[in-house]
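Residue-level listing of the chains:
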Amino acid sequence: MVSVSATGLAHRFGSSAYLFDGLDLEVRAGEVVALVGPSGSGKSTLLSILAGWVTPTRGQVVHHGIARTGWVFQNPHGSPRRSALDHVVLPLLAHGRTRRAAEPEAHEIMARFDVEGVADRPFRALSGGEAQRLMLARAVATAPDLLLVDEPTAQLDLATSATVNRVLAQVGRNATAVVVATHDPATREACTRVIDLADHMPAMGVTGPEA
Ligand SMILES: Nc1ncnc2c1ncn2[C@@H]1O[C@H](COP(=O)(O)OP(=O)(O)OP(=O)(O)O)[C@@H](O)[C@H]1O
């Protein structure tokens, strides 16, 4: 079973206060977990810890059967001159598809995120919301076992947010474990489960070595 699990996680940067403490979690393929909590509570940091990019101050993260981790950041990054379509085709080519097979598949994935209409535009000409949805489409094209998404609807209007939330919920039905850091109540609603960092915040002002 593909999953990421963490036990006894606590993290702080340097000698600052702990962001969270005593956090245990397990996210399995097929789940879409919303990571919520006040601004600055450590949602993005926890995503980095789950990805293995940041070592937690305490505790352990174990990946079970995760060969590929996909990330969609708060600020979309693409190749300015490449077409939107290329951004989704390239990961499919990397997985061994021919260009002939990859293009229709890329169009189908882009249609799910409602960005098929901008397929031929260079990345630099996309709006912030289009670029964000393209990054989600690209992440889906990489067929990750674990997909980490940071604030996917922050730049989107209500209608496009609804599209993104619907597709994220579908992604989790495949063989992917999805964790989404969000402030958006509609995204939270679309997820199968919620982890609230507010429930794992240590007492205010505790900064000692074993706080
Ligand atoms: N590399 C770092 N070094 C020092 N402090 C950091 C570092 N990264 C994050 N922080 C601090 O840790 C805290 C948690 O940041 P993080 O981005 O994880 O919160 P968040 O819950 O995702 O916030 P938001 O909802 O505003 O995006 C913040 O106070 C941030 O300034």
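One can find the structure itself at the top, above this paragraph.
This one's a predicted model, so the numbers in the text were calculated from it and none came from an experiment. (Residues numbered from 1 in each chain as written. Predicted model: local features only at pLDDT ≥ 70, side-chain atom pairs only at ≥ 80, totals over all residues. Heavy atoms only, no water.)

Looking at helix H1 (residues 43-51)
Think of an α-helix as 3.6 residues a turn; residues three or four steps apart then line up on the same face. Heads up, the rule is: Buried, partly exposed and exposed residues are distinguished by accessible area as a fraction of the type maximum, computed with a 1.4 Å probe on protein chains only: under 20%, between the cut-offs, and over 50%, respectively. Helical segments are the DSSP runs of H or I of at least four residues, strand segments are the runs of E of at least two, and each set is numbered from the N terminus.
Of all nine residues making up H1, eight are buried, and the element is well covered by its neighbours. Those residues of H1 that sit buried are Lys-43, Thr-45, Leu-46, Leu-47, Ser-48, Ile-49, Leu-50 and Ala-51. Following H1 by one or two positions, Gly-52 has its phi on the positive side, about 90°.

Re the sheet that holds strand S2 (residues 20-28)
Put simply, the rule is: Strands qualify as paired when DSSP identifies two bridges or more between them. Think of each axis as a best-fit line through the C-alpha atoms, taken over the contacting stretch in the case of a helix, with angles from 0 to 180 degrees between the N-to-C directions. Residues count as neighbours in contact if any of their non-hydrogen atoms are within 4.5 Å of one another.
Strand order in the open sheet formed by three strands is S2-S1-S4, with antiparallel pairing between adjacent strands. Looking at the sheet topology across the chains shown, the edges are occupied by S2 and strand S4 (58-64). Taken over all neighbouring pairs, the strand axes of this sheet differ in orientation by 5° on average, direction set aside. Inspection of the sheet shows strand S1 (residues 3-11) paired to S2 by six bridges, in the antiparallel sense. Bridge pairing in S2 places Ser-5 opposite Glu-26. Relative to S1, H1 is tilted by about 125°, and along the sheet it contacts S1, S2 and S4.

With respect to the packing of aromatic side chains
Our working definition: Between 30 and 60 degrees the pair is tilted, below 30 it is stacked and above 60 it is edge-to-face, where a pair is any two Phe, Tyr or Trp rings, Trp via its six-membered ring, whose centres lie within 6.5 Å.
Under the definition given, this model contains three aromatic pairs. Plain terms: the ring middles of Trp-53 and Phe-73 are 6.1 Å apart, the flat faces sit at 25° to each other, and that makes the pair stacked. Here Trp-53 is found in the loop between H1 and S4, whereas its partner Phe-73 is found in the loop between strand S5 (69-72) and helix H2 (84-94), with 20 residues between them in sequence. Residue class for Phe-73 comes out partly exposed when judged on its relative accessible area of 39%.

So, the environment of Pro-91
Structurally, the position occupied by Pro-91 is in helix H2. Each C-alpha atom, one on Pro-91 and one on Ser-161, is 24 Å from the other, the two residues being 70 residues apart in sequence. In contact with Pro-91, not counting residues within four places along its chain, are Arg-138, Ala-141 and Thr-142.

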